[in-house]
Each structure stands twice: as C-alpha cells, then as structure tokens.
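Working through the structure, step by step
Residue-level listing of the chains:
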Amino acid sequence: MSSTTVPLSVLDIAAVDSASSPVTTLAGMRELASAADSLGFTRFWAAEHHNLRGIASSVPAVLLGAIGERTSRIRIGSGGVILPNHSPYSVAEAYNTLATLFPDRVDLGIGRSGADPVLAQALGRAPGEDPPGALEELLGFLGDGFPVDHPYQQLEALPRPPVAPRVWALGASVRSATEAGRRGMPYAFAHHFFNSRGTREALAAYRDAFRPSPRTDRPHAIVTVFTVCGETSRQARRLADPALFPVLRLDGFSPAVALPSPAEAAAYGWSDPDRAAADALLASQAVGDPDEVRQALTDLLQSTGADELMITNNLTDVKEKIASLERVRTLAPSLPAPVSA
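Residues numbered from 1 in each chain as written. Predicted model: local features only at pLDDT ≥ 70, side-chain atom pairs only at ≥ 80, totals over all residues. Heavy atoms only, no water.

1. Section: the packing of aromatic side chains
We apply this condition: To pair, rings of Phe, Tyr and Trp, with the six-membered ring standing in for Trp, must have centres within 6.5 Å; the planes then decide the type, stacked if under 30 degrees apart, edge-to-face if over 60, and tilted in the middle. When a residue's accessible area, from a 1.4 Å probe over protein chains only, is under 20% of the maximum for its type it is buried; when over 50% it is exposed; and in between it is partly exposed. Each helix corresponds to a stretch of at least 4 residues labelled H or I by DSSP, and each strand to a stretch of at least 2 residues labelled E; elements are numbered beginning at the N terminus. Definition used: whenever NZ (Lys) or CZ (Arg) falls within 6 Å of the ring centre and also within 35 degrees of the ring normal, the charge is taken to sit over that ring.
The final tally for this structure, using the stated rule, is 13 aromatic pairs. Aromatic pair tyrosine 206 and phenylalanine 210: ring centres 5.9 Å apart, planes at 75°, arrangement edge-to-face. Given the relative accessible area of 0%, tyrosine 206 is considered buried. Considering the side-chain rings of phenylalanine 245 and tyrosine 268, the 5.2 Å spacing of their centres and the 70° angle between planes classify their relative orientation as edge-to-face. Residue phenylalanine 245 is found in helix 8 (residues 233-248), and its partner tyrosine 268 is found in the loop between helix 9 (262-267) and helix 10 (272-282); the two are separated by 23 residues along the sequence. Both residues of the pair, phenylalanine 245 and tyrosine 268, count as buried. Every member of this aromatic cluster is reached through a ring pair, and the members are Tyr89, Phe141, Phe146 and Tyr152. A cation over an aromatic ring shows up here: arginine 275 above the ring of tryptophan 270, its NZ or CZ 3.9 Å from the ring centre.

2. Observations concerning helix 7 (residues 199-209)
In plain terms, the rule: What the arc covers is the set of directions going from the helix axis to the C-beta atoms. Working rule for contacts: check all heavy atoms of both residues, and any pair within 4.5 Å makes them a contact.
Along helix 7, the positions that sit buried rather than exposed are Thr199, Ala202, Leu203, Ala205, Tyr206 and Ala209. In an axial view of helix 7, the angular spread of the buried residues amounts to 160°, which keeps them on one side of the axis. For helix 7, the exposed residues lying more than 90 degrees away from the buried face are Arg200 and Asp208. Of the surrounding elements, those touching the buried residues of helix 7 are helix 6 (174-183), strand 6 (187-189), strand 7 (221-229) and helix 11 (290-304).

3. Quick look at the packing of helix 8 against helix 10
Test applied: Axis definition: a line fitted to C-alpha atoms, over the contacting stretch in the case of helices. Angles run 0 to 180 degrees between N-to-C directions. The cut-offs work like this: below 35 degrees is roughly parallel, past 145 is roughly antiparallel, 65 to 115 is roughly perpendicular, and the gaps in between are oblique. Ten residue types, Ala, Val, Leu, Ile, Met, Phe, Trp, Tyr, Cys and Pro, are classed as nonpolar, four, Asp, Glu, Lys and Arg, as charged, and the remainder, Gly among them, as polar.
Between helix 8 and helix 10, whose axes approach to 10 Å, the crossing angle comes to 100°. When the axes of helix 8 and helix 10 are compared, the pair comes out roughly perpendicular. On helix 10, the residues that touch Arg237, Asp241, Leu244, Val247 and Leu248 of helix 8 are Asp274, Arg275, Ala277, Ala278, Asp279, Leu281 and Leu282. By residue class, the composition of the contact of helix 8 with helix 10 is seven nonpolar, no polar and five charged.

4. Focus: the side chain of threonine 227
Where we set the bar: Here a polar contact is taken to be a pair of N or O atoms separated by no more than 3.5 Å, where protein atoms must pair a possible hydrogen donor with a possible acceptor and residues adjacent in sequence count only if both atoms sit in side chains.
Following the sequence through the fold, threonine 227 ends up in strand 7. Taking the relative accessible area as the measure of exposure, threonine 227 reaches 1% and is therefore buried. Looking at threonine 227, its side chain comes within polar contact range of the main-chain oxygen of valine 225, at 3.0 Å. Ignoring sequence-local partners within four residues, the contact set of threonine 227 consists of Ala286, Val293, Leu297, Ile311, Thr312, Asn313, Ser324 and Val328.

5. Some points on helix 5 (residues 134-144)
Taken residue by residue, helix 5 has Ala134, Leu135, Leu138, Leu139, Gly140, Phe141 and Leu142 as its buried positions. Looking at the buried positions of helix 5, the neighbouring elements they touch are helix 3 (88-101), strand 4 (106-111), strand 5 (166-171) and helix 6. Note on helix 5: the residue one or two positions beyond its end, glycine 145, has a positive phi of about 80°.

6. Observations concerning the environment of glycine 140
Inspection of the secondary structure assignment puts glycine 140 in helix 5. Take glycine 140: its relative accessible area is 7%, and that puts it in the buried class. Each C-alpha atom of the pair glycine 140 and leucine 155 lies 9.8 Å from the other, and the pair is 15 residues apart in sequence. Apart from the residues within four sequence positions on either side, glycine 140 is in contact with Gly145 and Phe146.

Here it is, written out as structure tokens:
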C-alpha cells in the first residue's frame, strides 16, 4: 500500500460454529493469515479469550508461532494479551521469543479486561486483581529497564530479540485512550464490540493526551471494525447473522457456546424485533456489498481520524473470510487517506 492509503489490518478470534471444530478453525486461521500476508495487509492479530466454546483463540503466543511460519512480511501480534491474566515477566519472555523468531514483525497488544472469579482463580490470580505497576514491569522487561534499586533490576527476559516487540495499548473507553496517550503508546480502540460507544471521543482524547515517548514520537490510533464484505448486501448479512445470536441470545445461544452454523442461522425465524435489534448492532459496523462497506469505512475514517483500520468478524467459513478480505483490499485505494499521511 502507498503511504497515502489507509493501512488495513486483520484481527481474528478463531470463531467456532456448531458444525465445525477447533481443529478446522485453527487451520483456517493460519490460512487466513497467509492470505492477509499475500494481500498486503499491515498486521494480523490474534485475540485472547477463555472458557468460550465459540472461540478457539485462547493463547495468542502459541498461535502466533504457527502464523509466523506461514507468513513472511505481515506483522503478527496479540489483540491482545490480557495482562491481569499473566505475569509481566512471562509475557515478556514469550513475546521476546516470538520477536527473535520473526525479527521486526511482532506486536504486543495489551488489554486489561477482567475475568470472572472462578476463571481468575484458575488463571492463578486473585479475583479483581490488576496490579497497577504490571504494565511498567512489562515495559521494563521489554527494554525500558528498571531503576538501580529495583528488585527486578538484575533480571532479563531472554532471549533478547534484535528488535523489541512493539507494545500497543488496547481499550474501548475514553479513560483507556487517555492513559495510552499519556504513556506515549500506540493505541487500538475496540469499535467492533457491538455495544461499543464513544469511538470518536476516545480517539480525540488519545490525541489530546499524547506525549512523545521512546516507543513512538507521534500518536497512532487503530480502530477495529466488524467487517463483512459480500458480493451482495444480502449475502453479507447472511454471513454476519451467526455472530449476532450470542449477543442477542437468539434461540438459546449464549456467548459461552459455539456459534450457530450459517445453515442454523438462516433457518431461524427472525421476528421483526429480532431483526430491528440486529440492524441496530450492525449500524455502526461495515457489513454489506463493496459499495456499502466502502461508505461505512469512509464514514468511520472521517469521523474518527483513525490512522489505521483493523477489520474483524466472526465468520467460520475461511473461504468466505478470505473472499471478504479480498473485496476490502480491492476497495482500499478509494478510502480516505489517514490524517497522518
């Protein structure tokens, strides 16, 4: 992509439906990453989710090792590591190892969402625990270092890669955006959450708060957006429908179970209130034919001033996921250039 074209990236959660399996899903994730690499996308991130049968992406670092072997150019990263679930030292070791295997290609997105008490205990942390210095520790192990009197001053997170992982702050609020700006970190806003609000306000707060740091001398904001680009609007909606079932609790589906298959979703008897609720969830996203997706992405870029768009969806058919990527890549040159260009 040229410098005047908005960078496009991919976030994948490795969605599993009732007619599939984690085996085929994770094989498809590698295939999707390879396609994104060939198509010229900027980065490919894997999510971290736990105890959800509909998502096979629970340990991003393991997935990124496999994805790195299937790609050659694209940046690979976590979208993201939920830092309260891990020790900063172990995260630094894992991502330094990845950055040694795949030099100057590794991103480390850091999130801070909590876990339920039972899951927190299983992960080895106290319920609600979010040590305030955890991010500083992680940055210290990744190269910032520690003061001479710090107990960790003698520790190194090895191996030491030729280029450290690039650390990103992730969030979905003005508060997280402001904190990222004050720390001088690049930032990714989760606009793709169906209940997301305040994207424009968060990015404005991020830029207002930004202070240059050794990590980056200028603000850089990614906006993630749920994107399904179909041949037709009707096809796109059919492909997107399964992702709405656990959100709207349609037909007994919940976030804890596998998604309905496309056939199950198509056979569901949608009531007018169901369809209205689904329309409301997708109104701020980018689902439709290429012209509709182009307009939705253009509106999002113009309203937020995002420096980069990261597209994601819950499709479980890898061929359809790749076809959607191909259509988005084709329309990319017609999107507004980022302000930073």
